[in-house]
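Structure assessment
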Amino acid sequence: MPRNQAQRMVFALITVLITVHAYVFYSLYVVNGDALMQHTQTTGVLAAIEAQGGVMVFGSMIPLWALILIEFALAYTLEMLMGSPCSFRLACKVFDPRQVHPVLFESAIICATVGLMCPAMSFLAAWMYYPYYAGFNLLTLLANWLELVCYNFPFAFFTQLFFIQPLVRTLFKLIYRKDIARQKELREREEKRLAAEKAAAERKAARQAIAVSGKLNATSSRSAGKKGKKRS
C-alpha cells in the first residue's frame, strides 16, 4: 500500500489509467456497440465511430483520444480528492488495519472506492453523453444517471476486485520494490528489537521474582528459628 502522498499519486495514476481504458471499451463496445453499428450501418465499433465523426460528448463530436483524456482527467481528480481518502476512512470505520488481515482490509477499500467512484463518474457521464440536441430535461438526466449506474456498478465491482486492483498492486510493488524491501527490513528489525526488549523484561521480572521469593524464604526461616529458640 502507498506510504506517502507521492506514492498515493502514482497508485491512483496507474489505477485510473487502466480503469479509464477499460470503461471506454465497456461503454463503447459492450453497452453501445450494437447501437453504434446499426446507426452507421457498419460492421465494427471503431468503423462506426469514424463514420459518425467521433463520440458525442456535450452535444458535439470529439475524437476517441479526446474522450479518453477527458475521462482520465475527471477520474484522476475525483480519485485524488474523494475516492482514495474517503474509501480509506470508510474502511477504517469497519476494520482496524492494525488487526485485520491486509487482504480483507484492501478488499474493503476497493468496495468503498467502487461505491463512491461509480455513482460519481456515472453522474459526470450522464452530463457528458446527454443528448442535448433533443433539449434538456432534469428527469431524463437523472434517469440516464441511474441507468449508467446499473450498467457500470457490476462491471466496476468485479473488474476492480478481481482484475484491476490486483494488477495495479503488482505493478506498484514492481515500481517500489526497493522501498518495499527496505520497509520490510525495518519492520523486521523493529520486531526483533521489541522481541529482545520483551525477553529482557521477562528475564528481569523472573530474576526479581526469584530474589523476592528468596527473601521471603529467608525471612520465614529466620522467623521459624526464632520461634524454635523461644520454645526451647
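These lines cover the structure that appears in this document, whether it is placed above or below.

Right, let's get into the environment of M56. As for its placement among the helices and strands, M56 is situated in strand β1 (residues 55–57). On the basis of relative accessibility, which here comes to 26%, the residue M56 falls in the partly exposed class. Considered as a pair, M56 and Y132 are 76 residues apart in the sequence and their alpha carbons are 9.9 Å apart. Setting aside chain neighbours within four positions, we find M56 in contact with M61, M128 and Y129.

Summed over the entire model, instances satisfying the criterion amount to five salt bridges. Between D179 and R182 there is a salt bridge, with the nearest N and O atoms lying 3.0 Å from each other. Highlighted residues: D179 and R182, both in helix α7 (residues 177–231), separated by three residues, approximately one helical turn. The class of R182 is partly exposed, set by a relative accessible area of 44%.

A few words now on the environment of T43. Mapped onto the secondary structure, T43 falls in the loop between α2 (33–40) and α3 (45–52). Taking the relative accessible area as the measure of exposure, T43 reaches 82% and is therefore exposed. As for T43 and G33, which are separated by ten residues in sequence, their C-alpha atoms are 10.0 Å apart.

Okay, the packing of helix α1 (residues 5–31) against helix α4 (residues 64–94) next. For the pair α1 and α4, the least separation of the axes is 9 Å and the interaxial angle reads 135°. Our classification of the angle between α1 and α4 gives oblique. Our pair here, α1 against α4, has a crossing hand that is right-handed. Residues Q5, R8, M9, A12, L13, V16, L17, V20, H21, V24 and L28 of α1 touch α4, and the partners they reach there are L64, I68, E71, F72, A75, Y76, E79 and M80.

The rules behind the values
- Residues numbered from 1 in each chain as written.
- Predicted model: local features only at pLDDT ≥ 70, side-chain atom pairs only at ≥ 80, totals over all residues.
- Heavy atoms only, no water.
- Helix = DSSP H or I, 4+ residues; strand = E, 2+ residues; numbered from the N terminus.
- Buried < 20%, exposed > 50% of the residue type's maximum accessible area, 1.4 Å probe, protein only.
- Contact = heavy atoms within 4.5 Å.
- Salt bridge = Lys/Arg side-chain N within 4 Å of Asp/Glu carboxyl O.
- Axes fitted to C-alpha atoms, helices over the stretch in contact; angles between N-to-C directions.
- Parallel < 35°, antiparallel > 145°, perpendicular 65-115°, else oblique.
- Left-handed = near helix turned anticlockwise from the far one by under 90°.

Remember that the coordinates give geometry; whether it matters functionally is a separate question.
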